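# Reading the structure
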Amino acid sequence: MTTHTDETTAPESVEYAPEQPARLEWATHAPEVYKAMVRLDVAARRGLDPKLLELVKIRASQINGCAFCLDMHSKDALAAGESVERIIQLGAWAESRHFYTAKELAALELTEAVTVLTHGFVPDEVYDNAAKHFEEAELAQVIAAITVINAWNRFGVTCRMAPGHYEPGQHK
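Keep in mind it's a predicted model, so treat the numbers as computed, not measured.

### Describing helix H3 (residues 50–64)
With 15 residues, H3 extends 21 Å between its outermost C-alpha atoms, agreeing within 8% with the 21 Å of an ideal straight helix rising 1.5 Å per residue. Within the span of H3, buried status applies to Leu-52, Leu-53, Glu-54, Leu-55, Val-56, Lys-57, Ile-58, Arg-59, Ala-60, Ser-61 and Asn-64. Buried residues in H3 make contact with helix H2 (31–45), helix H4 (67–79), helix H5 (84–89), helix H6 (102–116) and helix H8 (136–159). Positive phi appears at Gly-65, one or two residues downstream of H3, with a value of about 70 degrees.

### Notes on the UniProt feature "domain: Carboxymuconolactone decarboxylase-like" (unreviewed entry) in the chain
Under the UniProt annotation, "domain: Carboxymuconolactone decarboxylase-like" (unreviewed entry) lies at residues 31–112. Along residues 31–112 the backbone is 73% helical and 0% strand, and the end-to-end C-alpha distance reaches 30 Å.

### As for the side chain of Thr-115
On the secondary structure map, Thr-115 appears in helix H6. With relative accessibility at 8%, the residue Thr-115 sits in the buried group. A polar contact of 2.7 Å, which involves the side chain of Thr-115, links it to the backbone oxygen of Thr-111. Once residues lying within four places of it in the same chain are set aside, the contact partners of Thr-115 are Ala-60, Ile-63, Asn-64, Ile-146, Asn-150 and Arg-154.

### What to know about the layout of surface pockets
Each pocket or cavity is described by its volume, and for the largest pocket that value is around 550 Å³. Taken together, 27 residues make up the lining of the largest pocket; nearest its centre are Tyr-34, Phe-68, Met-72, Met-161 and His-171. Put simply, the parts of the chain that give the lining of the largest pocket at least two residues each are helix H1 (26–29), H2, H3, H4 and H8. Of the residues forming the lining of the largest pocket, the biggest block, five residues, is contributed by H4. Of the residues that constitute the lining of the largest pocket, the class distribution is 15 nonpolar, four polar and eight charged. Here the second largest pocket defines a volume of roughly 150 Å³. Around the second largest pocket, the lining residues are Glu-19, Gln-20, Gly-65, Cys-66, Ala-67, Phe-68, Gly-156, Val-157, Arg-160, Met-161, Ala-162 and Pro-163. If you list the elements that add at least two residues to the lining of the second largest pocket, you get H4 and H8. Residue classes in the lining of the second largest pocket are distributed as seven nonpolar, three polar and two charged.

About the cut-offs
- Per chain, the residues get numbers from 1 upward, laid out in the order the sequence is written.
- For this predicted model, a pLDDT threshold of at least 70 governs which residues receive local features, and a threshold of 80 or more governs which side-chain atom pairs are given and counted, while totals over whole chains, interfaces and linings are taken from all residues.
- In computing side-chain values, all of the structure's heavy atoms are included and hydrogens and water are not.
- Runs of H or I in DSSP of at least four residues are treated as helices and runs of E of at least two as strands, each being numbered from the N terminus.
- Any helix carries an expected span of 1.5 Å times its number of residues minus one.
- Only protein chains enter the calculation, and the probe is 1.4 Å; a residue is then buried if its accessible area is under 20% of its type maximum, exposed if over 50%, and partly exposed in between.
- We call two residues contacting when some pair of their heavy atoms lies within 4.5 Å.
- UniProt positions are given in the numbering used here, feature names are shortened, and annotations may be inferred rather than shown by experiment.
- Polar contacts, as used here, are pairs of N or O atoms within 3.5 Å; protein pairs need one atom able to donate a hydrogen and one able to accept it. Residues neighboring in sequence count only if both atoms are side-chain atoms.
- The rule is simple: put a 1 Å grid over the protein atoms alone, call a set of points where a 1.4 Å probe fits but cannot get out a cavity, call an open set with protein on both sides within 12 Å along at least five of seven lines a pocket, and count a residue as lining if it has an atom within 4 Å of a point.
- Grid points are joined across faces, edges and corners, and a volume is the space filled by probe spheres set on the points.
- Under the convention adopted here, Pro, Cys and the residues Ala, Val, Leu, Ile, Met, Phe, Trp and Tyr are nonpolar, Asp, Glu, Lys and Arg are charged, and Gly plus all remaining residues are polar.

Below you can see the structure in the form of structure tokens.
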């Protein structure tokens, strides 16, 4: 049986907004800084659970509005076995606590405190809660990872790096 699609019933094509080109290909113009950032990123993630690391990177990138990093780290989280549901809920993790472990919640709370610095410092209760869930060496790595993703976000947002072209694991 053949079906005939009439032009009047064919779905309309969707026209998306045009992609904005990056303002500046900063890594090309500052290759030593880029290489140093990559080395810092590798050092900061050492010993951390890949899923927890990606949750932290996604949450900081949401706060900072870095579309490029959201694209990258959502894809890397999925590739690491993270669920779509937990990634979607990150924007409202405080209201969706039941999706995360106590350790992940402590990391997310610390990520927000370090990223936003609302009070000009990380509150003692946030730090103390994180310290309950991480040994000191691991806590130092989490803080490093949060700091590094915030630096990457600054490059991505300032240079308006375009999301959508990243393949999981491309920059590892």
